[in-house]
Amino acid sequence: ICESIGFSTTSNPDSYRAYEGAFIELTVSASESTGLSYQWYKDGEAIDGAASSRLYFSSVTMDDAGEYYCVVSGFGHTETCDTAVVTVI
C-alpha cells in the first residue's frame, strides 16, 4: 500500500529484555534508503538526536526501560513503526 507513495517500512524494531549494562540496538528499515528522515520516541516523547534508522545503547540502564517507536517520513508520507518494549533487569 505504501509503495505507491514512495516507500514502505520493511522491518520494525524488536523488543528486548536485557541485563543492565548490556548493548542493545533498535532498528527499522524501509524500502528506500535515501530521502527519508527518522525520529525515535520513548514513551511518546521524541528523543533528542535520535534521527537515524538505528537507536543503540552501549550500556543500558534502568532509565532506558520503556516503549520505543520510530516515525519514518519522506516523499510526502509518514509511517509509524510498531512499538518495541525495552525491559531492563
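You'll find the structure just up there.
Note that the coordinates shown come from a computational prediction; the quantities given were computed from them, not determined experimentally.

## Here's the deal with the overall build of the chain
Move 1: Helix and strand counts for the chain come out as zero helices and 10 strands.
Move 2: Element order for the chain, N to C, with α for helix and β for strand: β-β-β-β-β-β-β-β-β-β.
Move 3: Put simply, the chain has 89 residues, and 34% of those count as buried.
Move 4: A separation of at least 24 residues holds for 58% of the contacts in the chain among residues at least 6 apart in sequence.
Move 5: When the accessible surface of the chain is split by element, carbon and sulfur atoms take 46% of a total near 5200 Å².

## Concerning the environment of Ala 46
Move 1: Relative to the helices and strands, Ala 46 resides in strand β6 (residues 45–46).
Move 2: On the basis of relative accessibility, which here comes to 49%, the residue Ala 46 falls in the partly exposed class.
Move 3: Spatially, the C-alpha atom of Ala 46 lies 9.2 Å from that of Cys 70, the residues being 24 residues apart in sequence.
Move 4: Discounting chain neighbours no more than four positions away, the residues touching Ala 46 are Gln 39, Trp 40 and Tyr 41.

## Some remarks on the environment of Val 86
Move 1: Looking at where Val 86 falls in the secondary structure, it is placed in strand β10 (residues 84–88).
Move 2: On the accessibility criterion, Val 86 (3% relative accessible area) is buried.
Move 3: Once the C-alpha coordinates of Val 86 and Tyr 16 are considered, the two residues, 70 residues apart in sequence, prove to be 4.9 Å apart.
Move 4: Ignoring any residue separated from it by four or fewer positions in sequence, one finds Val 86 in contact with Tyr 16, Ile 24, Leu 26, Asp 64, Ala 65, Gly 66 and Tyr 68.

## Brief notes about the pairing of β10
Move 1: Of the two faces of β10, only one is covered, namely that formed by Ala 84, Val 86 and Val 88; the face formed by Val 85 and Thr 87 stays uncovered.
Move 2: As defined by bridge partners, strand β2 (residues 16–18) adjoins β10 across three bridges and the pair is classed as parallel. Bridging across to β10, Tyr 16 finds its partner in Val 86.

## Some points on the pairing of strand β5 (residues 37–42)
Move 1: As defined by bridge partners, β5 adjoins strand β8 (residues 66–74) across six bridges and the pair is classed as antiparallel. Within β8, the residue paired with Gln 39 across the bridge is Val 71.
Move 2: Pairing between β5 and β6: two bridges, direction antiparallel. Among the inter-strand pairings, Lys 42 is bridged to a residue of β6, identified as Glu 45.

What counts, and where the lines are drawn
Residues numbered from 1 in each chain as written. Predicted model: local features only at pLDDT ≥ 70, side-chain atom pairs only at ≥ 80, totals over all residues. Heavy atoms only, no water. Helix = DSSP H or I, 4+ residues; strand = E, 2+ residues; numbered from the N terminus. Buried < 20%, exposed > 50% of the residue type's maximum accessible area, 1.4 Å probe, protein only. Contact = heavy atoms within 4.5 Å. Areas by Shrake-Rupley, 256 points an atom, 1.4 Å probe, with all protein chains shown as cover. Pairing = 2+ DSSP bridges.

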